[in-house]
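# Secondary and tertiary structure notes
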Amino acid sequence: MTQRGLLIVVEGCDRSGKSTQCDILVNSLQQKGIDTELVKFPDRTTQTGKMIDSYLQQKSELDDHAIHLLFSANRWEAMKTLSEKLNNGKTLVVDRYAFSGVAFSSAKGLDLEWCRNPDIGLLTPDIVLFLDLSIDDAEKRGGFGDERYEKRELQIKVRDQFMKLKDDSWKFIDASQSKENVEKEIWNTIDATRNLLQDNIQELQFN
Ligand code: TMP
Ligand code: MG
């Protein structure tokens, strides 16, 4: 029987280096002969993803609850494919997941518990890596971009919300280090967790 792949989630505020580090991690895992694929949320290519993209680029307006549910739907519509891939032995590195969903919407003022509900039942990650960077350091990296949430005040609140969501299973990575050192720290964390999980891998869990 094929051993299922791992569901590795990478979270953090904007500018923390998530996307760069996700690419590096996918490459490193592939080089070790581990069948790995990158997944990114929001997936802007689907119907829900196009609405999300337009909202983020400030080309359209949506009620805060409605956009929250769209982000969640964008994950739900991917779940069947992702669970099949995992069960076929593919490891997935996921750039943002439901934690971003809850952190951003609750930072805007929505009730935290309300925000959690639509994502209940999604696949549970095996590992959550949190790329930790202060908002001051994030801003020093050439400033935030032009998308809707890329503003200092909101990012500070988002970071506070992430801290409310964390649990013991989260691995904090100091993202203020050089790119190479972040890469090393992530690799060591993944390697240790992989060894730990290898003998004791459970069936896919749903939260
Ligand atoms: P990106 O910059 O990683 O493409 O993410 C787009 C923005 O959407 C980013 O500011 C975080 C935000 N976001 C949410 O508000 N809710 C979600 O569920 C996700 C996945 C992202
Ligand atoms: Mg962005």
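Relevant structure appears above.
Residues numbered from 1 in each chain as written. Chains lettered and ligands numbered in written order. Predicted model: local features only at pLDDT ≥ 70, side-chain atom pairs only at ≥ 80, totals over all residues. Heavy atoms only, no water.

### A short note on the overall build of the protein chain
Put simply, the rule reads: Elements are defined by DSSP. Helices are runs of H or I of four residues or more, strands are runs of E of two residues or more, and each kind is numbered from the N terminus. Based on C-alpha atoms, the radius of gyration is set beside the globule rule, defined as 2.2 Å times the residue count to the power 0.38. Any residue under 20% of the maximum accessible area for its type is buried, any over 50% is exposed, and the rest in between are partly exposed; the area is computed with a 1.4 Å probe on protein chains only.
The helix and strand inventory of the protein chain stands at 8 helices and 5 strands. Reading the protein chain from its N terminus to its C terminus gives the helix and strand order β-α-β-α-α-β-α-α-β-α-α-β-α. Its C-alpha radius of gyration of 17 Å places the protein chain within 12% of the 17 Å reference for a compact globule of 207 residues. Seen through its C-alpha atoms, the protein chain measures out along the principal axes to roughly 50 × 35 × 30 Å. By residue count, 49% of the 207 residues in the protein chain fall in the buried class.

### Observations concerning the packing of helix H2 (residues 47-56) against helix H3 (residues 64-87)
Condition: Comment: axis = line fitted to C-alpha atoms, over the contacting stretch for helices; angle = value between 0 and 180 degrees taken between N-to-C directions. An angle counts as roughly parallel when it lies under 35 degrees, as roughly antiparallel when it exceeds 145, as roughly perpendicular when it falls between 65 and 115, and as oblique in every other case. By the definition used in this description, the sense in which the near helix is turned from the far one sets the handedness, with an anticlockwise turn below a right angle giving left-handed and a clockwise turn giving right-handed. Residues count as neighbours in contact if any of their non-hydrogen atoms are within 4.5 Å of one another. Amino acid classes used here: Ala, Val, Leu, Ile, Met, Phe, Trp, Tyr, Cys and Pro are nonpolar; Asp, Glu, Lys and Arg are charged; the rest, including Gly, are polar.
Running from N to C, H2 and H3 cross one another at 140°; their axes reach a closest spacing of 9 Å. One way to sum up the angle between H2 and H3 is to call them oblique. At the point where H2 passes H3, the crossing takes the left-handed sense. Here Thr48, Gly49, Met51, Ile52, Tyr55 and Leu56 of H2 lie close against H3, whose contacting residues are Asp64, Ile67, Leu70, Phe71, Ala73, Asn74 and Glu77. When its residues are assigned to classes, the contact of H2 with H3 shows 8 nonpolar, 3 polar and 2 charged.

### Notes on the site of ligand 1
Note the threshold: Throughout this document, a residue counts as near a molecule or strand when at least one of its heavy atoms sits within 4 Å of that molecule or strand. Distance and chemistry together define a polar contact, namely a pair of N or O atoms within 3.5 Å, with one atom able to donate a hydrogen and the other to accept it when in protein, and with adjacent residues in sequence counting only for side-chain atoms on both sides. Each accessible area is a Shrake-Rupley result for a 1.4 Å probe, and residues are judged covered by the shown protein chains and nothing else.
Neighbouring residues of ligand 1: 13 residues in total, closest Lys40, Arg44, Arg75, Arg96 and Gly101. The side chain of arginine 96 places a nitrogen or oxygen atom 2.7 Å from an oxygen atom of ligand 1. Bound to the protein, ligand 1 loses 93% of the 480 Å² it would expose on its own. Residue assignment for the shell around ligand 1 shows that the elements contributing at least two residues are H3 and helix H4 (98-107). Looking at the shell around ligand 1, the element that brings in the most residues is H4, giving 3 residues. Of the residues in the shell around ligand 1, the class split is 6 nonpolar, 2 polar and 5 charged.

### A look at the sheet that holds strand S4 (residues 127-132)
Going by this rule: Strand pairing is defined by DSSP finding a minimum of two bridges between the two strands.
A sheet is described by the order of its strands in space; here 5 strands give the open sequence S2-S3-S1-S4-S5, paired in parallel fashion. Every interior strand has two partners, whereas the edge strands, strand S2 (36-40) and strand S5 (170-174), have only one. Direction aside, neighbouring strands of the sheet carry axes that sit 20° apart on average. With 4 bridges joining them, strand S1 (residues 7-12) and strand S3 (residues 91-95) adopt parallel strand pairing. Across the sheet, residue valine 9 finds its bridge partner in S3, namely valine 94. Contacting S1, S4 and S5, helix H8 (residues 179-198) runs over the sheet at an angle of about 160° to S5.

### Considerations on the state of the cysteines
For clarity, the cut-off: Our working definition of a disulfide is a cysteine sulfur pair at a distance within 2.5 Å.
Using the criterion set out here, one finds 0 disulfides in the structure. Residue cysteine 13 stays outside any disulfide, its sulfur separated by 15 Å from that of cysteine 22, the closest cysteine.

Any link to function would need more than the numbers given here.
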